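# Structural overview for review
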Amino acid sequence: MSFRKEEKLKVDKNKLIDLLDWININKGYKLYESRIISSTYFDNENIRMFKDSEEGSVPRKKIRLRSYSKDKHSVGNTLLEVKISSTEGRYKTSSKQFNLNKALSIGILDSDYGICMPKVRVTYTREYFSIHNVRLTIDQDIKYEKINSDGQNIYLNTDPNIIVEIKADMGVPIEYLFKMFPFERVRFSKYSRAINYSLIGDVNA
């Protein structure tokens, strides 16, 4: 278990080229080629994880399946991830040792949230950079789908935004992050936005 700092930066989609120029000027570089990420998020009957996220409650969790393809999740190429936000910080656990078909069909039993079923799927393209000894990612073409009780996916929307995130070790001072990354911070949860789209058909973009 490794705690880390995560901050989302507000960058206008139309100014992405300016961000890329800023990365280059500050001697940032690509860590590796961009790739597609697909995440299926789980929640209980009362969508308690969504509500905890909206309220900013701690501790809270997000449970998801993650793979790197637009195709359906497949055995051996899918991770079960649990993201935990606590008073001590944020951390993530990942495992390939789980029953994928069981998770998708009858859900996942969580000690805090009970039985959790697949609710939404989010796919996007992510680019990875290293700058100022911190990892920076850019997510684009974020698509949201609702998962019905019969397991069928229904397209909801494509997000008009991009999301830029920096991830640093807990030992990195917050003052350093604000100095080296002089951008406005913003709250942005792909899971919360997907649920909002599924509930009310729109979000405040």
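Right, let's walk through the structure included here. If you're wondering where the values come from, they're calculated on a predicted model, not measured in any experiment. (Residues numbered from 1 in each chain as written. Predicted model: local features only at pLDDT ≥ 70, side-chain atom pairs only at ≥ 80, totals over all residues. Heavy atoms only, no water.)

### Comments concerning the overall build of the chain
Regarding its fold elements, the chain presents 5 helices and 10 strands. Here the chain has a C-alpha radius of gyration of 17 Å; the compact-globule value for 205 residues is 17 Å, and the two agree. Oriented by its inertia axes, the alpha-carbon framework of the chain measures out at about 50 × 35 × 35 Å. A buried classification covers 46% of the 205 residues belonging to the chain. Excluding contacts between residues fewer than 6 apart, the proportion of contacts in the chain whose partners are at least 24 apart in sequence is 66%. Of the accessible surface of the chain, which amounts to about 11300 Å², a share of 49% is contributed by carbon and sulfur atoms. (Helix = DSSP H or I, 4+ residues; strand = E, 2+ residues; numbered from the N terminus. Rg over C-alpha atoms; globule rule 2.2 N^0.38 Å. Buried < 20%, exposed > 50% of the residue type's maximum accessible area, 1.4 Å probe, protein only. Contact = heavy atoms within 4.5 Å. Areas by Shrake-Rupley, 256 points an atom, 1.4 Å probe, with all protein chains shown as cover.)

### Some details on the packing of helix H2 (residues 48-55) against helix H5 (residues 190-200)
Angle between the axes and distance between the axes: these two values describe a pair of packed helices. Contact pair H2 / H5: the axes reach a minimum separation of 10 Å and the direction vectors enclose 115°. Here H2 lies roughly perpendicular to H5, going by the angle between them. As H2 packs across H5, the resulting crossing turns out to be left-handed. From H2, Met49, Phe50, Ser53 and Glu54 reach across to H5, where they touch Tyr191, Ser192, Ile195, Asn196 and Leu199. Its residues assigned to classes, the contact of H2 with H5 shows 5 nonpolar, 3 polar and 1 charged. (Axes fitted to C-alpha atoms, helices over the stretch in contact; angles between N-to-C directions. Parallel < 35°, antiparallel > 145°, perpendicular 65-115°, else oblique. Left-handed = near helix turned anticlockwise from the far one by under 90°. Nonpolar A, V, L, I, M, F, W, Y, C, P; charged D, E, K, R; others polar.)

### Here's the deal with H2
Those residues of H2 that fall on the buried side of the exposure criterion are Met49, Phe50, Asp52 and Ser53. Seen end-on, H2 carries its buried residues on one side only, within an arc spanning 165°. If you follow the buried residues of H2, they end up packed against strand S2 (29-43), strand S3 (60-67), strand S7 (114-131) and H5. Taken from the residues just after H2, Gly56 is the one with a positive phi, measuring 70°. (Arc of directions from axis to C-beta.)

### A few points about the layout of surface pockets
Taken as a whole, the largest pocket encloses approximately 1200 Å³ of empty space. Residue assignment for the lining of the largest pocket shows that the elements contributing at least two residues are strand S1 (4-9), H2, S3, strand S4 (79-86), strand S5 (89-95), S7, strand S10 (163-169) and H5. The dominant element in the lining of the largest pocket, judged by the number of residues it contributes, is S1, at 6 residues. Its residues assigned to classes, the lining of the largest pocket comprises 16 nonpolar, 9 polar and 24 charged. Quantified by volume, the second largest pocket comes out at close to 420 Å³. Every element with two or more residues in the lining of the second largest pocket is listed here: helix H3 (100-106) and S7. Residues that form the lining of the second largest pocket fall into these classes: 5 nonpolar, 9 polar and 3 charged. (1 Å grid on protein atoms, 1.4 Å probe; cavity = no way out; pocket = protein on both sides within 12 Å on 5 of 7 lines; lining within 4 Å. Points joined across faces, edges and corners; volume = space filled by probe spheres on them.)

### A word on the environment of Asp169
Residue position: Asp169 is located in strand S10. Residues Asp169 and Arg135 lie 34 residues apart in sequence; the distance between their C-alpha atoms is 9.8 Å.

### Digging into unusual backbone geometry
Here Val58 and Pro59 are connected by a cis peptide whose omega angle stands at 0°. Despite not being glycine, Lys27 shows a phi value in the positive range, around 60°. Position of Lys27 among the secondary structure elements: in the loop between helix H1 (16-25) and S2. Given the relative accessible area of 73%, Lys27 is considered exposed. Of note in the backbone geometry, Asp141 takes a positive phi value of approximately 55° without being a glycine. Here Asp141 shows up in strand S8 (residues 134-147). By relative accessible area, which is 36% here, Asp141 ends up partly exposed.

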